[in-house]
Structure formats: C-alpha cells, structure tokens
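What follows is the residue order along each chain.
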Amino acid sequence: MANSDRVYADGSGPELSKLSPEFSALRYNAGPCLSEKNKRTTAMTILVIGATGNVGRPTIAGLLAKGATVRALSRSEESLAKLPDGVEGVIGDLESGDGLAEACAGAEKVFLITSNGETETARGLKAVEAAKAAGVKHLVFLSVGNPGKEPAVPHYRAKLPIEAAIRESGMDYTFLRPNFFMQTDLSVVPVMKEHGVYAMPVGSIGANRIDTRDIADCAVRALTEDGHAGADYHLHGPDTVSGPSAAEVYGKHLGREVRYAGDDVDAWAKPVEAFLPPWLLDSLKKMFIGQQQHGGAADAEAVTASAAAVGHPLRTIDEFAAEIAKG
Ligand SMILES: NC(=O)c1ccc[n+]([C@@H]2O[C@H](COP(=O)([O-])OP(=O)(O)OC[C@H]3O[C@@H](n4cnc5c(N)ncnc54)[C@H](OP(=O)(O)O)[C@@H]3O)[C@@H](O)[C@H]2O)c1
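Visitor: What am I meant to see in the overall build of the protein chain here?
Guide: Secondary structure summary: the protein chain contains 15 helices and 11 strands in total. For the protein chain, with 327 residues in total, the buried portion stands at 45%. Long-range pairs, those at least 24 residues apart, make up 78% of the contacts in the protein chain between residues at least 6 apart in sequence.

Visitor: Just to check I follow, could you spell out the site of the ligand for this structure?
Guide: Around the ligand sit 25 residues, and of these Gly53, Ser74, Arg75, Leu94 and Ser115 come closest. Taken together, the residues of the shell around the ligand break down into 8 nonpolar, 13 polar and 4 charged.

Visitor: Quick question: what am I supposed to make of unusual backbone geometry here?
Guide: Most peptide bonds are trans, and most residues other than glycine sit at a negative phi. Following Glu150, the chain continues into Pro151 via a peptide bond in cis, with omega recorded as -10 degrees. Within the fold, Pro151 resides in the loop between β5 (138-142) and α7 (154-157).

Visitor: Mind showing me how you'd approach the sheet that holds strand β4 (residues 107-112) here?
Guide: Strand pairing in a sheet relies on backbone hydrogen bonds. The paired strands run either parallel or antiparallel. Ordered in space as β3-β2-β1-β4-β5-β6-β9, the 7 strands form an open sheet in which the pairing is parallel. Looking at strand neighbours, the two that pair on one side only are β3 (87-91) and β9 (232-235), the edges of this open sheet. Mean inter-strand twist for the sheet, computed between neighbouring axes without regard to direction, equals 20 degrees. Where strand β2 (residues 69-74) meets β3, 5 bridges bridge the pair, whose relative direction is parallel. Paired with Leu73 across the two strands is Val90, which belongs to β3.

Visitor: Honestly, helix α8 (residues 159-168) in this entry has me stumped. Any pointers?
Guide: All of the buried residues in α8 are Lys159, Ile162 and Ile166. The buried side chains of α8 occupy one side of the element, clustering within an arc of 60 degrees when seen end-on. Opposite the buried face of α8, by more than 90 degrees, sit the exposed residues Ala164 and Glu168. Considering only its buried residues, α8 is in contact with α6 (120-133), β5, α7 and β6 (172-178). Looking one or two places after α8, you find Gly170, whose phi comes out positive at around 90 degrees.

Visitor: Is there a simple way to explain the packing of helix α11 (residues 243-254) against helix α15 (residues 317-326) in this structure?
Guide: Each pair of packed helices gets described by two things: the angle between the helix axes and the distance between those axes. The N-to-C vectors of α11 and α15 enclose an angle of 45 degrees; their axes lie 8 Å apart at closest approach. As far as their axial angle goes, α15 and α11 are oblique. At the point where α11 passes α15, the crossing takes the right-handed sense. Of α15, the residues touching α11 (which contributes Ala246, Val249, Tyr250, His253 and Leu254) are Ile317, Asp318, Ala321, Ala322, Ile324 and Ala325.

Visitor: Please explain the confidence of the model for the protein chain as it appears in this structure.
Guide: Caution is warranted with low-pLDDT regions, since their predicted coordinates should not be read in detail. In the predicted model, the protein chain carries a mean pLDDT of 90, and 87% of its residues have values of at least 70. For the protein chain, per-element mean pLDDT is lowest for helix α1 (residues 21-24), which scores 34, and highest for β5, which scores 99. Counting contacts from residues 1-7, a segment whose pLDDT is below 50, to residues more than four positions away or on other chains yields 6 contacts. In this model residues 13-42 is a low-confidence stretch, pLDDT under 50, and it forms 57 contacts with partners more than four residues away in sequence or in other chains.

Visitor: I'm lost on the environment of Thr52 in this one. Help?
Guide: You can see Thr52 is positioned in the loop between β1 (45-49) and α3 (56-65). Setting aside chain neighbours within four positions, we find Thr52 in contact with Arg57, Ser74, Ser79 and Leu83.

Visitor: Help me out: how do you make sense of the nonpolar core in this one?
Guide: Across soluble globular proteins, nonpolar side chains show a tendency to be buried alongside one another. Formed by 80 residues in total, the largest nonpolar core has its most connected members in Ile49, Ile60, Val110, Phe111, Leu139 and Ala219. Of all the elements, helix α10 (residues 212-224) adds the most residues to this core, at 7 residues.

Visitor: How should the packing of α6 against α8 be read in this particular structure?
Guide: Running from amino to carboxyl end, α6 crosses α8 at an angle of 15 degrees, the nearest separation of the two axes being 8 Å. Between α6 and α8, the interaxial angle falls into the category roughly parallel. The hand of the α6/α8 crossing is right-handed. Two secondary-structure elements touch here, α6 through Thr121, Gly124, Leu125 and Val128 and α8 through Pro161, Ile162, Ala165 and Ile166.

Visitor: Just to check I follow, could you spell out α6 for this structure?
Guide: For an α-helix, 3.6 residues make a turn, and residues three or four places apart therefore share a direction. For α6, built from 14 residues, the straight-helix expectation of 20 Å at 1.5 Å per residue is met to within 8% by its first-to-last C-alpha distance of 20 Å. Taken together, the buried positions of α6 are Glu120, Arg123, Gly124, Lys126, Ala127, Val128, Ala130 and Ala131. Of the surrounding elements, those touching the buried residues of α6 are β1, α5 (100-104), β4, β5, α7 and α8. Following α6 by one or two positions, Gly135 adopts a phi angle in the positive range, close to 80 degrees.

Visitor: Mind showing me how you'd approach the pairing of β6 here?
Guide: Residues in a regular strand point their side chains to alternate faces of the sheet. A large share of β6 lies buried, amounting to 6 of its 7 residues. Relative to β9, β6 is paired through 4 bridges, and the arrangement is parallel. Counterpart to Phe175 in the pairing with β9 is Asp232.

Parameters and conventions
Residues numbered from 1 in each chain as written. Predicted model: local features only at pLDDT ≥ 70, side-chain atom pairs only at ≥ 80, totals over all residues. Helix = DSSP H or I, 4+ residues; strand = E, 2+ residues; numbered from the N terminus. Buried ≥ 20, exposed ≤ 12 C-beta atoms within 10 Å, placed from the backbone. Contact = placed C-beta atoms within 7 Å. Near = placed C-beta within 6 Å. Nonpolar A, V, L, I, M, F, W, Y, C, P; charged D, E, K, R; others polar. Pairing = 2+ DSSP bridges. Axes fitted to C-alpha atoms, helices over the stretch in contact; angles between N-to-C directions. Arc of directions from axis to C-beta. Parallel < 35°, antiparallel > 145°, perpendicular 65-115°, else oblique. Left-handed = near helix turned anticlockwise from the far one by under 90°. pLDDT = per-residue confidence, 0-100. Core = buried A, V, L, I, M, F, W, Y, C linked by C-beta atoms within 7 Å. Expected span 1.5 Å × (residues − 1).

Here's what the structure looks like:
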C-alpha cells in the first residue's frame, strides 16, 4: 500500500508537529483550557495517563477521530490546553496520587503511559490501584519489549511490578511492547542539521525502530475494539536501523553528509547530563550499551505481526527522515 493510501487512526497523514515537544513547540495549535471547557458525558470514557507525551498525543488524536469520549490526565493546565478540543482534562500527579481517583471515576478503559524515571514503578502502581478501585474494565499499558532482559536496564525493569499488578488486578489488560522509538532522534536533529553528526549511540547491529504514531494506532485499536484483552503486542518498525544506517538515511534527506558519532555513551551523556537525573542517565547508558551489544532486530514474522497489530503498513525510517528534512 502506498503511503498516500494509508489510513491512520487519527485520519491524518504523517505530521511530526503533532508529536514531539522539541520538534513542534512553535507549530502546535493550542486549544482552549479543556478542563474548564469540556463537561463529562455519559458515553464510554477512555482515560489516557501520560496523555501529553510522545505516544499519548497521537493516541488522543486517533481516539477522537474514532468518536471516542477522551479524558486526559496531566500535571499541567498548560499542557492540557494544548490538547485538541473535545478532550476532557484532569489535573493530576502520579507521584502524589492527586487527581487520580477523579480521573479514573467513570472511565471504562485506561491507557497507562509511565514516563521513565526512578519513581516509575511507584507511579505506575498508583495508577493501577486507582483504575482498579474505580472499576475500570480494561487497562492498556505501554511497556517495553522484554522488561526483564539481561543485562538489566533499570527503566525496563521498573515495568515488571506494574505488569504484575495489572495481571493481578482482575481488569482486562493489553500490553504494548514497542521497540526503540524513531522519535527519540528528534532530540539530535539540530546537531545533525548543523554539524552533520548523528549523536545517538545505538551501535551497529540495529533495531527495528517504530514510529510512535504506529504505537498510538495500535493503542487506539486496543482501546476501541473488542478482542484485545490478554494480548501482548510486540511493536517493531519495518527496517532494522543501526547508527551508521540512520546517519545515512538522515543525510540523504537532509542533503548533506551525516556521520554516526560512534558508540561512546559518555560522550552522548555529556550534553544531557545537566538536564537528566543521574538515575535516568545511568539507565539510558545501560540501554544504549545493550543495543550496541545485542541490537533489537526483528525478523519478518515479527514485523508482519506488528503491522497486523497496528492495523496498516508500518511507517518507515525513510518516511520519518523525509519528514524531518521538511521540518
Ligand atoms: N523511547 C523509547 O524508545 C521507548 C521504547 C519502548 C518503550 N518506551 C516506554 O514508553 C514510555 C514513555 O512513553 P512516552 O515517550 O510517550 O512518554 P513521555 O512523553 O516521556 O511522558 C508522557 C507524559 O507523562 C506525564 N508525566 C510525567 N510524570 C508524571 C507524573 N508524575 N504524573 C502524571 N503524569 C506524568 C507527562 O505529562 P505532563 O507533563 O503533561 O504531566 C508526559 O507528557 C516509557 O515507559 C518508556 O520506557 C519508550
């Protein structure tokens, strides 16, 4: 199927401006303050926790396109105001648990996205507990491919107790297990454009990286259709992308030479260590070292299964790089 024939869950074509705060801050079309504007309805409500991030935003767009009643939890009124019209916003914080009961009340389904960090397990467990207490019927959790893999990556391991709590909760559940996000590269685009260097130390074996919009499309299906309870969806992109091959495809679309910066995780960490907490920095370094040693390649059967779970042909790294080059 050609790109132009694809039907994405939000009804739109690829548009990076919907996805990354880094990439889209200038172009994001902010809506009015939703938590005041939108009233609850009696239709089935789907709550998205982690709604304003990489996967949450395209999921919300896809849910709205399907006519779902969508509620979003965020810590910030400002972030909620940037979500599309029609979303009911609830202010809450997984750290304290504030707002969680209100957010879950009356929701039939929940999409739980827990951002990475030292307290991720505790945050996720609070969300599961609140969903269960509110009588939520089905919880979809954004996990990772193999959270227990060795050598351990702490922000992968953090998901194991959350998954266990979900399994034991009595709610229906679906686990999404995505490969490395293509959108992670948005953080290195400016350096790539200015200096011709691809500074993501992913190594030379490669991983079948996935576009977060495809993850969102799978989430939308799991949240709006029957038949996804108990499913574990391993989500891979169609291409095995290494550091050197990513540099090549970005270079092709940017119209300049781009070289892979190499496998030095400490060099990668230097410019970000002022912004990232030490726990997360250490965990991300471990993740990159694991990618360098083992990669994250998926075989043809796994890619076919991923496309089936997403519901349409998978977005390619070539398409993603072309969008980046267009700005
Ligand atoms: N990056 C990858 O390649 C990859 C691959 C596989 C799996 N994953 C998993 O995907 C998940 C991250 O998904 P993502 O990138 O979509 O998320 P994200 O953008 O990092 O974060 C989602 C949202 O979480 C909210 N949040 C953070 N702390 C919160 C708190 N204390 N209470 C309530 N909300 C809070 C933030 O919203 P507000 O600021 O609006 O509150 C943020 O927009 C992680 O669990 C990660 O391990 C990532």
